[in-house]
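# Observations on the three-dimensional arrangement
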Amino acid sequence: MFGTDFTFQQIASGLSSPVAITNAKDGSGRLFITLKAGKVVIYDGTQVLPTAFLDITSLVLCCDPTTDAEQGLLSVAFHPNYASNGFFYVDYTRKPDGATVIARYSRSSNNPNLADPNSALVLLTIPQPFSNHNGGQLQFGPDGYLYIGMGDGGSGGDPQNNGQGLNTLLGKILRLDVNSGSPYAIPSTNPFANDGDPINTRDEIWAYGLRNPWRFGFDRLTGDLFIADVGQNSWEEVDFQPASSTGGQNYGWRIMEGTHCFNPSIGCNMTGLTLPILEYGHVSGNCSITGGYRYRGSRIPELYGLYLYGDFCSGRIWGATFNGSTWTTAELMDTAYLISTFGEDESGEIYFAAYSSTNGTVYRIIRVTTAALFTVHRSSGNVYADGAYFCGKISACFNSSVGADIAERINSLELLEPGDVIEIDPEHSGYFRKSRGTPLVVGVVSTHAGLTMANRAAQTDVRPSIALIGRVPVKTITENGPIKLGDLLTPSNKPGYAMRCHSPCVTPILGKALGALSAREGWVMMLVMRP
């Protein structure tokens with residue numbers, strides 16, 4: 001399971017078969033969630049908007065689980081200049097024949113949360129001999145080209161040997177220049193673009209030897225490409241392409257399944273093949289890899305640089321690291337979910353979707369919040385019922401010196417989020433809880449030795465804040481830098497924010513709000529999320 005430092009938080013539910021999560025890199029902070037039947041919906045940071053961004057269900061072949069379980073609207077990718085040109089691209093299997101369609105659409109000119117359904121421009125149509133192994137991932141690379149993941153055409157064992165055939169687009173990663181040509185151009189640096197044989201070696205091919213690259217992703221820092229290729233009966237694999245690559249890698253299918261011979265089953269010729277950096281077997285419920293991303297966010301430093309991926313059947317999530325010569329992997333979590341996709345937001349934080357035809361959910365991977373404990377002692381000083389300051393030293397949550405005491409003081413420890421407030425539990429004297437309404441919140445007033453409250457309040461950057469009366473806002477940012485363990489805090493003159501104290505806070509005392517409590521020893525808790 002995740003260690004105590006990591007968990008996940010549901011941000012959306014009630015979705016019909018979520019299969020992709022992406023962002024538009026337009027500064028809006030929105031997430032776009034692809035639903036298999038033919039819709040793209042928007043999560044705006046607080047809710048999934050009731051009207052779909054795009055609805056092409058009338059065009060999409062989906063979703064009879066007995067015949068077309070792998071077909072549908074499979075992903076969306078936004079042009080690097082989407083903020084200005086409004087272009088985005090979709091990958092879907094069309095009615096009635098199940099062929100893969102790559103099409104460009106445009107944002108509505110009147111509403112940024114709506115697409116123009118009449119703006120379709122089809123770039124590619126690729127016939128599919130069987131209903132499964134459609135790939136479906138679209139991603140723009142750091143070079144500005146559109147990368148397309150195509151499965152081997154389906155059935156089992158790649159009966160047409162499409163993975164190795166260079167005269168077909170199946171079983172490949174394709175690379176298109178969507179800014180040139182009509183409807184696209186071939187990048188001159190594609191590995192087969194200048195061989196003089198566009199029939200026997202398709203110019204669109206960037207890499208080959210893939211079975212079903214359901215999800216792949218670029219490292220937003222280095223530009224390296226991670227390709228999670230779904231295996232046949234025994235092995236799931238992660239293939240790797242460095243940013244310096246000139247393309248043309250053969251990742252081995254159907255000669256190999258992972259690092260193991262497949263066809264033939266023994267004695268296969270591995271000459272010229274690029275073997276996976278990671279693989280795992282079909283044991284303990286594992287059956288189908290779901291590729292993710294290398295974590296480059298800022299909110300979970302412990303995950304920085306790890307490549308996260310999961311398994312659709314077992315619900316496990318792993319994190320892989322590179323030690324300079326080899327990749328190693330460790331299980332981070334064993335969930336109960338059918339993990340269909342991972343996604344990144346604009347800041348590099350990572351999400352995953354739990355697949356369900358009626359109640360699909362999207363989760364954000366987060367760091368377990370650290371509760372900052374403010375020790376509050378008795379004091380003979382004045383008690384200010386109208387708020388003013390709190391000041392205390394941050395301790396690690398549940399450390400040995402406070403564990404027993406805080407366990408008695410907290411009625412029900414809940415996962416807190418930025419923006420939450422805490423309150424005195426009116427039903428349990430001396431306890432605190434997450435606010436349920438208009439809270440009776442204690443204010444903590446502190447003074448410096450030798451200074452009166454008036455002297456303290458006279459400081460130009462610290463003044464009594466009415467925002468602390470009745471509510472203690474939970475924030476993750478201080479005006480003079482991130483909060484860290486051991487810091488001493490005091491409110492800022494910016495309502496609802498804290499700042500590090502100029503000098504040690506002494507004799508903090510417990511004030512009362514709304515006449516609810518008298519001065520006494522106790523604890524005040526504030527959320528701190530590591531930056």
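Just so we're clear, the structure is a prediction, and the values are computed from it rather than from any experiment.

### With respect to the overall build of the chain
- When helices and strands are counted, the chain shows 3 helices and 34 strands.
- Per-residue burial for the chain yields a buried fraction of 54% across its 531 residues.
- Surface exposure of the chain reaches about 21,600 Å², of which carbon and sulfur atoms provide 51%.

### Thoughts on the nonpolar core
- Grouped together as the largest cluster of nonpolar side chains are 21 residues, with contacts concentrated most on Leu124, Leu146, Ile148 and Leu174.
- Put simply, the parts of the chain that give this core at least two residues each are strand E9 (115–126), strand E10 (138–140), strand E11 (146–150), strand E12 (172–176) and strand E13 (205–208).
- In this structure, Leu146 is in contact with Ala77, Tyr89, Ile102, Leu138, Gln139, Phe140, Leu174, Arg175, Leu176 and Val178, ignoring residues within four places of it in sequence.
- Leu49, Tyr82, Phe88 and Ala115 belong to the second largest nonpolar core, which has 20 residues in total.

### Section: the packing of aromatic side chains
- Inspection of every chain in the model, using the stated rule, returns 29 aromatic pairs.
- Centre to centre, the rings of Phe32 and Phe78 are 4.5 Å apart; their planes meet at 50°, and the pair counts as tilted. With Phe32 in strand E3 (residues 31–35) and Phe78 in strand E6 (residues 73–78), the pair connects residues that are 46 residues apart, well separated along the chain.
- Residue class for Phe32 comes out buried when judged on its relative accessible area of 0%.

### Side note on the confidence of the model for the chain
- Taken over all residues, the pLDDT of the chain has a mean of 76, while the share at 70 or more is 68%.
- Here residues 369–425 scores under 50 on pLDDT; set against residues more than four positions off or in separate chains, the count is 204 contacts.
- Across residues 428–432, where pLDDT falls below 50, the model places 19 contacts with residues more than four positions away in sequence or in other chains.

### So, the state of the cysteines
- Under the counting rule described, the total for this entry stands at 3 disulfides.
- Here Cys62 pairs with Cys63 through a disulfide, and the sulfurs are 1.3 Å apart. Between Cys62 and Cys63, the disulfide has an S-S torsion of 85° and is therefore right-handed.
- Residue Cys261 pairs covalently with Cys268 via a disulfide, S to S 1.9 Å. Looking down the S-S bond of the Cys261 and Cys268 bridge, the torsion is -75°, so its handedness is left-handed.
- On the basis of relative accessible area, Cys261 is assigned to the partly exposed category, the value being 27%.

Criteria and thresholds
Residues numbered from 1 in each chain as written. Predicted model: local features only at pLDDT ≥ 70, side-chain atom pairs only at ≥ 80, totals over all residues. Heavy atoms only, no water. Helix = DSSP H or I, 4+ residues; strand = E, 2+ residues; numbered from the N terminus. Buried < 20%, exposed > 50% of the residue type's maximum accessible area, 1.4 Å probe, protein only. Areas by Shrake-Rupley, 256 points an atom, 1.4 Å probe, with all protein chains shown as cover. Core = buried A, V, L, I, M, F, W, Y, C linked by side-chain atoms within 4.5 Å. Contact = heavy atoms within 4.5 Å. Phe/Tyr/Trp six-rings, centres within 6.5 Å; stacked < 30°, edge-to-face > 60°. pLDDT = per-residue confidence, 0-100. Disulfide = S-S within 2.5 Å.

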